[in-house]
Amino acid sequence: AQTVTQSQPEMSVQEAETVTLSCTYDTSESDYYLFWYKQPPSRQMILVIRQEAYKQQNATENRFSVNFQKAAKSFSLKISDSQLGDAAMYFCAYRSDDMRFGAGTRLTVKP
Amino acid sequence: KAGVTQTPRYLIKTRGQQVTLSCSPISGHRSVSWYQQTPGQGLQFLFEYFSETQRNKGNFPGRFSGRQFSNSRSEMNVSTLELGDSALYLCASSLVPDRGDYGYTFGSGTRLTVV
């Protein structure tokens, strides 16, 4: 079974600074997709960024980028120029047949 | 277009009762997945439906069941509720159950409290 591990239960960043959230996963498959979702206090999960395993180029979406290391099975999320609105739970997810999530990292942004 | 709609948003039930939660996916989406979210266990996959058929099922007891209708709306049912079933139940929809799509769109969830 595929597992997703987020080793940082909580992270904190100063507004306008950069923070990196870690994620590792375990799989024997070669074709899969990885995602980062954000869950603010409103509870709604919001897709932040998506990466296809067969693409070597790291995905970027404005201030959000990933560092995808397929051999190491690592998929970290970098948030640049952090904003107060970035404060939320962040979940790393792996999708092959169905989607599995990590335990989440709570990000606090300090003004 | 309208997002994923889950009803009700909050629910309080007594141990031993049963409950039915509803999820209406985004128009045109045919795949619906359900997750249970608790502070201790995180997001646990319950099941996925596509075209009225269950495609995948997570590791939950038979008390948890679901179905999908021809209009893609889905319901999940929990019978003989236990205190440990208290959780946020999230529904997510996608166009088709294809690993190549753009991930899931989630609803706001149903907060179930069992007393």
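Numbering of residues starts from 1 in every chain and runs along the sequence as written. For this description, chains carry letters from A and ligands carry numbers from 1, given in the order in which they are written. Two thresholds apply to this predicted model, a pLDDT of at least 70 for residue-level local features and 80 or more for giving and counting side-chain atom pairs, whereas whole-chain, interface and lining totals are computed over all residues. The basis for the side-chain values is all heavy atoms of the structure; hydrogens and waters are excluded.

A. Expanded view of the sheet that holds strand S7 (residues 64–68) of chain B. All names here are of chain B. By definition, two strands form a pair when at least two bridges between them are found by DSSP. Strands here are runs of E lasting at least two residues and helices are runs of H or I lasting at least four, both read from the DSSP assignment and numbered beginning at the N terminus. Judged by pairing direction, the sheet is antiparallel, and its four strands sit side by side in the order S1-S3-S8-S7 without closing on themselves. In the strand order of this sheet, the two ends are held by strand S1 (5–7) and S7, each with one partner. Direction aside, neighbouring strands of the sheet carry axes that sit 15 degrees apart on average. Where S1 meets strand S3 (residues 19–24), three bridges bridge the pair, whose relative direction is antiparallel. When the bridges of S3 are listed, Gln 6 appears paired with Cys 23. Interaxial angle, 0 to 180 degrees, is taken between N-to-C directions of lines fitted to C-alpha atoms, where a helix line uses only the stretch in contact.

B. Molecular detail of the packing of aromatic side chains. Side-chain rings of Phe, Tyr and Trp, where Trp is taken by its six-membered ring, are said to pair if the distance between their centres is within 6.5 Å; with planes under 30 degrees apart they count as stacked, over 60 as edge-to-face, and otherwise as tilted. Following the criterion strictly, the structure yields 16 aromatic pairs over all chains and no others. Two limits define a charge over a ring: the Lys NZ or Arg CZ must be within 6 Å of the ring centre, and within 35 degrees of the ring normal. Looking at Arg 43 of chain A, its charged tip hangs above the ring of Tyr 10 of chain B, at a distance of 5.1 Å from the centre.

C. Examining the side chain of Ser 93 of chain B more closely. All names here are of chain B. Among the structural elements, Ser 93 can be located in strand S9 (residues 87–94). Polar contacts here mean pairs of N or O atoms no more than 3.5 Å apart (in protein, one a potential hydrogen donor and the other a potential acceptor; neighbouring residues in sequence count only if both atoms are side-chain atoms). Within the local environment of Ser 93, its side chain forms a polar contact with the backbone nitrogen of Ile 26, the two atoms lying 3.5 Å apart. A polar contact is formed between the side chain of Ser 93 and the side chain of His 29, at a distance of 2.7 Å. Excluding residues that lie within four positions of it along the chain, Ser 93 makes contacts with Val 4, Pro 25, Ile 26, His 29, Ser 31, Val 32, Gly 103, Tyr 104 and Thr 105. Residue contacts follow a heavy-atom distance rule, with two residues in contact if any of their heavy atoms lie within 4.5 Å.

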